[in-house]
Amino acid sequence: QVQLVESGGGLVQAGGSLRLSCTASERTFSTRIIGWFRQFPGKEREFVACIRRSDGSTDYADSVKGRFTISGDNAKNTVYLQMNSLKPEDTAVYYCVGGGYSSGSYPPIQPAYWGQGTQVTVSS
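Overview of the structure.

Conventions we followed
- Residues numbered from 1 in each chain as written.
- Predicted model: local features only at pLDDT ≥ 70, side-chain atom pairs only at ≥ 80, totals over all residues.
- Heavy atoms only, no water.
- Disulfide = S-S within 2.5 Å.
- Helix = DSSP H or I, 4+ residues; strand = E, 2+ residues; numbered from the N terminus.
- Buried < 20%, exposed > 50% of the residue type's maximum accessible area, 1.4 Å probe, protein only.
- Phe/Tyr/Trp six-rings, centres within 6.5 Å; stacked < 30°, edge-to-face > 60°.
- Lys NZ or Arg CZ within 6 Å of the ring centre and 35° of its normal.
- Pairing = 2+ DSSP bridges.
- Axes fitted to C-alpha atoms, helices over the stretch in contact; angles between N-to-C directions.

1. Structural notes on the state of the cysteines
Where two cysteines share a covalent bond between their sulfur atoms, that bond is called a disulfide. Applying the stated rule across the entire model yields one disulfide. Residue cysteine 22 pairs covalently with cysteine 96 via a disulfide, S to S 2.0 Å. The disulfide joining cysteine 22 to cysteine 96 has a torsion of about -80° about its S-S bond and is therefore left-handed. Of this pair, cysteine 22 sits in strand E3 (residues 18-24) while cysteine 96 sits in strand E9 (residues 92-101), and the two are 74 residues apart along the sequence. For cysteine 22, a relative accessible area of 0% puts it in the buried group. On the basis of relative accessibility, which here comes to 0%, the residue cysteine 96 falls in the buried class. Of all cysteine sulfurs in the structure, the one in cysteine 96 sits closest to cysteine 50, which takes part in no disulfide; the separation is 12 Å.

This is the structure we're talking about:
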């Protein structure tokens, strides 16, 4: 059974930082693209960032550009989301996502596998 497991969520003050981690089985990480979505209560899950495993190319939602950085370590089957300059508006459940790559689309990820989610809360 494929599995994505997130960690690193928590409570931080506005302006602070968190680093989320996602670990997965090799089969799951063989997925072409890995990313992060987040979900606010009562809302659809929204794209945050993704990274293509083959070449490391990345994409970000406008709301997090310049603040969040996604990176991957294939040897560890791990993807990270470094979140800096956090805002209260970033408060959400963050989900690691694996899926297909869709060139020319935004976001260029077709979700197929979801982690359990990790809560990020930013206080003001």
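Past the structure itself, the notes keep going.
2. Re the packing of aromatic side chains
Counted by the stated rule, this structure contains four aromatic pairs. Aromatic pair phenylalanine 37 and tryptophan 114: ring centres 5.4 Å apart, planes at 75°, arrangement edge-to-face. Of this pair, phenylalanine 37 sits in strand E4 (residues 33-39) while tryptophan 114 sits in strand E10 (residues 109-114); the two residues are 77 residues apart in sequence, bridging distant segments of the chain. Classification of phenylalanine 37 as buried rests on a relative accessible area of 8%. Taking relative accessible area as the criterion, tryptophan 114 reaches 34% and is therefore assigned partly exposed. Chaining the aromatic ring pairs together yields one cluster made of Phe37, Phe47, Tyr95, Tyr106 and Trp114. In this structure, arginine 45 packs its charged tip against the face of tyrosine 95, placed 3.6 Å from the ring centre. The ring of tryptophan 114 carries the charged tip of arginine 45 above its face, separated from the ring centre by 4.5 Å.

3. Quick notes on the sheet that holds E3
Pairing within the open sheet is antiparallel, and its four strands lie in the order E1-E3-E8-E7. Of all the strands in the sheet, just strand E1 (4-7) and strand E7 (68-73) have a single pairing partner and so form its edges. The sheet shows a mean angle of 15° between the axes of neighbouring strands, direction not considered. Examined bridge by bridge, E3 and strand E8 (residues 78-83) share six bridges and lie antiparallel to one another. The partner of leucine 20 across the bridge, within E8, is leucine 81.

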